[in-house]
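Coordinate inspection notes
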Amino acid sequence: MTSSTPQAEFWRGDFGNAYTDRNVASPAQMQARLALWSEILSHTISAPPATILEVGANLGINLRALRLLSSARCLALEPNDKARAILVRDGVVAAEDVCGGLASEIPFPDGAADLAFTSGVLIHIHPDHLAASLGEIHRCARRWIACVEYFSDKPETIPYRGHEERLFKRDFGGLWMDTFPDLRIVAYGFAWKRVTGLDNLTWWLFEKP
Ligand SMILES: C[S@@+](CC[C@H](N)C(=O)[O-])C[C@H]1O[C@@H](n2cnc3c(N)ncnc32)[C@H](O)[C@@H]1O
């Protein structure tokens, strides 16, 4: 069981609540996410996802963009109660499609979604729990896996808003490929802050065999 890691408690508690209060789906944020997901989804044109699972959705800026770009049914996993309530209140995800929990123990069935992804979530998972988290995301993804995270050539831990042991960067795309060698890399890219409004995010899209 990994449900009580210090990192999970951090996101379930006051820090996660304050993050959710700050995390507004502003027009600028939405525009940036729409551009990002237009690009990623363009590579799924051979089999557009009819169900999409975001692991660590918070209040759903990605899912709000995806709902505008696709008619897919959206599923969300999110450990923070306040964020989950907003997802349902705002109609981003149907109540029955939102679950509490962690990436390392996802309460959705095998192949629950055609596309499963994280965005700014693997960076907040302690390295000891990454293998279980990738395993669960892989289990829930029927065809596509996307990963949008901060990149670092070598694994490193950097302070996050004054907190230690809460932000872990690495080559997450390489980790996905090393963990599941039969994944096919479909596309990858970099959302440069200067032009996209996103925070220098690196993204990868993989296809399961
Ligand atoms: C930086 S926010 C990113 C939110 C959203 N994915 C986005 O891109 O706007 C990280 C989110 O991941 C959630 N989270 C943290 N640890 C998690 C874990 N182990 N499994 C699933 N979600 C987690 C947090 O509660 C928070 O909502």
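Residues numbered from 1 in each chain as written. Predicted model: local features only at pLDDT ≥ 70, side-chain atom pairs only at ≥ 80, totals over all residues.

All right, on to unusual backbone geometry then. With phi around 50 degrees, Arg 161 is a residue other than glycine that occupies positive phi space. Secondary-structure assignment places Arg 161 in the loop between strand S6 (156-157) and strand S7 (168-169). The phi dihedral of Asn 200 is positive, around 50 degrees, even though this residue is not glycine. Its place among the elements puts Asn 200 in the loop between helix H8 (193-196) and strand S9 (201-207). Asn 200 gets classed as exposed once you count the C-beta atoms within 10 Å, which come to 12. (Helix = DSSP H or I, 4+ residues; strand = E, 2+ residues; numbered from the N terminus. Buried ≥ 20, exposed ≤ 12 C-beta atoms within 10 Å, placed from the backbone.)

In the vicinity of the ligand, 22 residues are found, and the nearest of them are Trp 11, Gly 56, Asn 58, Ala 103 and Ser 119. Top element by residues in the shell around the ligand is helix H1 (residues 6-12). It accounts for three residues. Tallied by class, the residues present in the shell around the ligand amount to twelve nonpolar, nine polar and one charged. (Near = placed C-beta within 6 Å. Nonpolar A, V, L, I, M, F, W, Y, C, P; charged D, E, K, R; others polar.)

Within helix H4 (residues 61-69), burial applies to Ile 61, Asn 62, Leu 63, Arg 64, Ala 65 and Leu 66. Those residues of H4 that are buried are in contact with helix H3 (27-42), strand S1 (51-55), strand S2 (73-77) and strand S4 (113-119). (Contact = placed C-beta atoms within 7 Å.)

Here the focus is the packing of H3 against H4. At a closest axis distance of 9 Å, the pairing of H3 and H4 adopts a crossing angle of 60 degrees. As far as their axial angle goes, H4 and H3 are oblique. H3 and H4 meet at a crossing whose hand is right-handed. Contact with H3, carried on its side by Gln 29, Met 30, Arg 33, Leu 34, Trp 37, Ser 38 and Leu 41, involves Ile 61, Asn 62, Arg 64, Ala 65, Leu 66, Leu 68 and Leu 69 of H4 and no other residues of that element. Tallied by class, the residues present in the contact of H3 with H4 amount to nine nonpolar, three polar and two charged. (Axes fitted to C-alpha atoms, helices over the stretch in contact; angles between N-to-C directions. Parallel < 35°, antiparallel > 145°, perpendicular 65-115°, else oblique. Left-handed = near helix turned anticlockwise from the far one by under 90°.)

What follows concerns the sheet that holds strand S8 (residues 184-191). Within the open sheet, the seven strands sit side by side as S3-S2-S1-S4-S5-S9-S8. Their pairing is mixed. Looking at the sheet topology across the chains shown, the edges are occupied by strand S3 (98-99) and S8. Note: strand S5 (residues 141-149) against S9, six bridges, orientation antiparallel. Pairing of Ile 145 across the sheet is with Phe 206, part of S9. Each of S1, S4 and S5 is contacted by helix H6 (residues 130-140), which is oriented at about 135 degrees to S5, the strand it contacts most. Sitting on the sheet, helix H7 (residues 172-179) is in contact with S5, S8 and S9, with an inclination near 150 degrees to S5. (Pairing = 2+ DSSP bridges.)

Here the focus is the nonpolar core. Membership of the largest hydrophobic core comes to 54 residues, with the highest contact counts inside it found for Leu 53, Ala 76, Leu 87, Ala 116, Ile 145, Ala 146 and Cys 147. Broken down by element, the residue count for this core peaks at six residues, all from S5. Residue contacts for Ala 146: discarding those within four places in its chain leaves Ile 40, Leu 115, Phe 117, Trp 203, Trp 204 and Leu 205. (Core = buried A, V, L, I, M, F, W, Y, C linked by C-beta atoms within 7 Å.)

In terms of burial, S1 is a largely internal element, four of the five residues being buried. Where S1 and S2 come together, five bridges link them in parallel fashion. Note on S2: the bridge partner recorded for Val 55 is Leu 77. Bridge count for S1 against S4 is three bridges, and the pairing is parallel. The residue of S4 that forms the bridge with Ile 52 is Leu 115.

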